[in-house]
Amino acid sequence: MKRIFIILLVFTVLLSGCAGEYNKVFKTSDFEYRYEYAKQMFAEGKYTRAAALLQDMITMKKGTSEAQEALYMLAMSEYMSRDYESAAMTFKKYGSSYPKGVYAEQASFYVGQALFESAPEPRLDQTPTLGAINAYQQFLDLFPESPLRPEAQRKLYVLQDKLVQKELLSAQLYYNLGGYFGNINSNNESNYISSIITAQNALKTYPYSNWREDFSLLIMKSKFQLAENSSEDKRMERYRDAEDECYGFINEYPDSKDKNLAEKYIAKCKKVIGD
């Protein structure tokens, strides 16, 4: 027990000493020493401290041989501290200040990386996702031969998949709302039509998506429910359209787990149409 207490005491003293040294450096007017200490903190993986020390060094280093290094190191410190919004802005600043700089390629790539880390789940607003996509595309345009290209392309696929999932969730929501009212009315029609349009547009925008079958299923289900909820003057036409959609679904996805549902819809459509 005594041994453990001694170890804890030594650790506390060392920690206090490190904090004291950092605070001393933070307040010093010896900016060269401060900069070297910031580089040491960065090398040791103490990125929050490095970022804090580098913040007001950027202006002081402007025009010197260390200006690029200081700005890039600040951006990386922010990124490694998971302050992704600040990191993206600082990497962008590096790119605009030094478009042909030593770290221009890495800075351009890490704008996308920082925004990628900020991209929300598909249910939420995807503005950050679009920002990350634009950043990676700009990187690929500027540095087409970069060894970082494969990683940027992989992240682009992940981000685009989030946009697809967002559209799928929207189409599913419209479909669910269509059935919420429980009887024939204009709200049902409007929601089923919105589900169809949303899914069809997604298929056009993302023709090679892994979610293609899900969109097609929603279109088929929405068209059938639209027929079911139609007024007499529209029912026959919509049942025919639903029947065609079901056959199209089976042709495109013959091994789908929802093939039986399509066949069930076809039988109902034929019964109504009288074929």
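The preceding data block contains the structure.
Residues numbered from 1 in each chain as written. Predicted model: local features only at pLDDT ≥ 70, side-chain atom pairs only at ≥ 80, totals over all residues. Heavy atoms only, no water.

**Remarks on unusual backbone geometry**
Okay, so step 1: Its identity as a non-glycine residue notwithstanding, R82 has a phi of 70°, on the positive side.
Okay, so step 2: Tracing the backbone through its elements, the reader meets R82 in the loop between helix 5 (67–80) and helix 6 (84–97). (Helix = DSSP H or I, 4+ residues; strand = E, 2+ residues; numbered from the N terminus.)

**Some points on the pattern of salt bridges**
Pairing is possible between side chains of opposite charge, provided their charged atoms come close.
Okay, so step 1: Using the criterion set out here, one finds 16 salt bridges in the structure.
Okay, so step 2: The residue E36 makes a salt bridge to K39 at a minimum N-O spacing of 3.8 Å. With a gap of 3 residues between them, E36 and K39 both fall in helix 2 (residues 31–43), about one helical turn apart.
Okay, so step 3: E252 is the partner of R212 in a salt bridge, and the nearest nitrogen-oxygen pair spans 2.8 Å. Of this pair, R212 sits in helix 11 (residues 212–228) while E252 is found in helix 12 (residues 232–252), placing the two residues 40 residues apart along the sequence.
Okay, so step 4: Members of the salt-bridge network, linked through shared partners, are E32, K61 and E66. (Salt bridge = Lys/Arg side-chain N within 4 Å of Asp/Glu carboxyl O.)

**Re a nonpolar patch on the surface**
Okay, so step 1: On the surface, a cluster of nonpolar side chains totalling about 250 Å² of accessible area is made up of L173, Y174 and L177.
Okay, so step 2: Relative to the helices and strands, L177 resides in helix 9 (residues 149–180).
Okay, so step 3: Here L177 falls in the partly exposed class, since its relative accessible area comes to 34%. (Patch = residues over 30% accessible without salt bridge, like charges linked within 9 Å, V, L, I, M, F, W, Y side chains within 5 Å. Areas by Shrake-Rupley, 256 points an atom, 1.4 Å probe, with all protein chains shown as cover. Buried < 20%, exposed > 50% of the residue type's maximum accessible area, 1.4 Å probe, protein only.)

**Quick notes on the packing of helix 7 (residues 104–118) against helix 8 (residues 127–142)**
Okay, so step 1: It is at 8 Å that the axes of helix 7 and helix 8 come closest, and there the two elements cross at 160°. Viewed along their axes, helix 7 and helix 8 adopt a mutual orientation that is roughly antiparallel. The handedness of the crossing between helix 7 and helix 8 comes out as left-handed. On the side of helix 7, the interface is formed by E105, S108, F109, V111, G112, Q113, L115, F116 and S118, while helix 8 contributes P128, G131, A132, A135, Y136, F139 and L142.
Okay, so step 2: For the contact of helix 7 with helix 8, the per-class residue count stands at 10 nonpolar, 5 polar and 1 charged. (Axes fitted to C-alpha atoms, helices over the stretch in contact; angles between N-to-C directions. Parallel < 35°, antiparallel > 145°, perpendicular 65-115°, else oblique. Left-handed = near helix turned anticlockwise from the far one by under 90°. Contact = heavy atoms within 4.5 Å. Nonpolar A, V, L, I, M, F, W, Y, C, P; charged D, E, K, R; others polar.)

**Description of helix 2**
Okay, so step 1: With 13 residues, helix 2 extends 18 Å from end C-alpha to end C-alpha; this agrees with the ideal 18 Å at 1.5 Å per step.
Okay, so step 2: Along helix 2, the residues that are buried comprise R34, Y35, Y37, A38 and M41. With its buried residues spanning 160° around the axis, helix 2 presents them on a single face.
Okay, so step 3: Where helix 2 ends, the next residue or the one after it, G45, has phi of about 80°, a positive value. (Expected span 1.5 Å × (residues − 1). Arc of directions from axis to C-beta.)

**Concerning the environment of S77**
Okay, so step 1: Within the secondary structure layout, S77 lies in helix 5.
Okay, so step 2: Separated by 32 residues in the primary sequence, S77 and G45 place their C-alpha atoms 8.6 Å from one another.
Okay, so step 3: Residues contacting S77, with those up to four places away along its chain left out, are F42, Y47, A50, A51 and L54.

**A few points about the packing of aromatic side chains**
Here a ring pair, both rings aromatic, is described through the centre-centre distance and the interplanar angle of the planes.
Okay, so step 1: In total, this model carries 18 aromatic pairs according to the counting rule given.
Okay, so step 2: With a centroid separation of 6.4 Å and 45° between ring planes, the pair formed by Y33 and Y37 is classed as tilted. A residue pair is termed a helical-turn pair when its members lie 3 or 4 positions apart in one helix, as Y33 and Y37 do in helix 2 at 4 residues.
Okay, so step 3: Overall, the relative accessible area of 4% leaves Y37 in the buried class.
Okay, so step 4: Considering the side-chain rings of F109 and F139, the 5.4 Å spacing of their centres and the 65° angle between planes classify their relative orientation as edge-to-face. (Phe/Tyr/Trp six-rings, centres within 6.5 Å; stacked < 30°, edge-to-face > 60°.)

**As for the side chain of E189**
Okay, so step 1: Relative to the helices and strands, E189 is located in helix 10 (residues 186–205).
Okay, so step 2: Contacts of E189, omitting those with residues within four sequence positions, involve L226, N229, S230, S231, K234 and R238.

**Quick look at helix 6**
Okay, so step 1: Look at helix 6: 20 Å from first C-alpha to last across 14 residues, which is about the 20 Å you get at 1.5 Å a residue.
Okay, so step 2: Within the sequence span of helix 6, burial applies to Y84, A87, A88, T90, F91 and Y94.
Okay, so step 3: Residues of helix 6 that are buried sit in contact with helix 5 and helix 7.

**Regarding the nonpolar core**
Okay, so step 1: Counting 42 residues, the largest nonpolar core has Y79, F91, Y136 and L159 as its most contacted members.
Okay, so step 2: Contributions of two or more residues to this core are made by helix 2, helix 3 (47–54), helix 4 (57–61), helix 5, helix 6, helix 7, helix 8 and helix 9.
Okay, so step 3: Of all the elements, helix 5 adds the most residues to this core, at 8 residues.
Okay, so step 4: Setting aside anything within four residues of it in sequence, one finds F91 in contact with Y72, A75, M76, Y79, A107, Y110 and V111.
Okay, so step 5: If you look at the next biggest cluster of nonpolar residues, it comprises 15 residues, including A227, Y239, A242 and A262. (Core = buried A, V, L, I, M, F, W, Y, C linked by side-chain atoms within 4.5 Å.)

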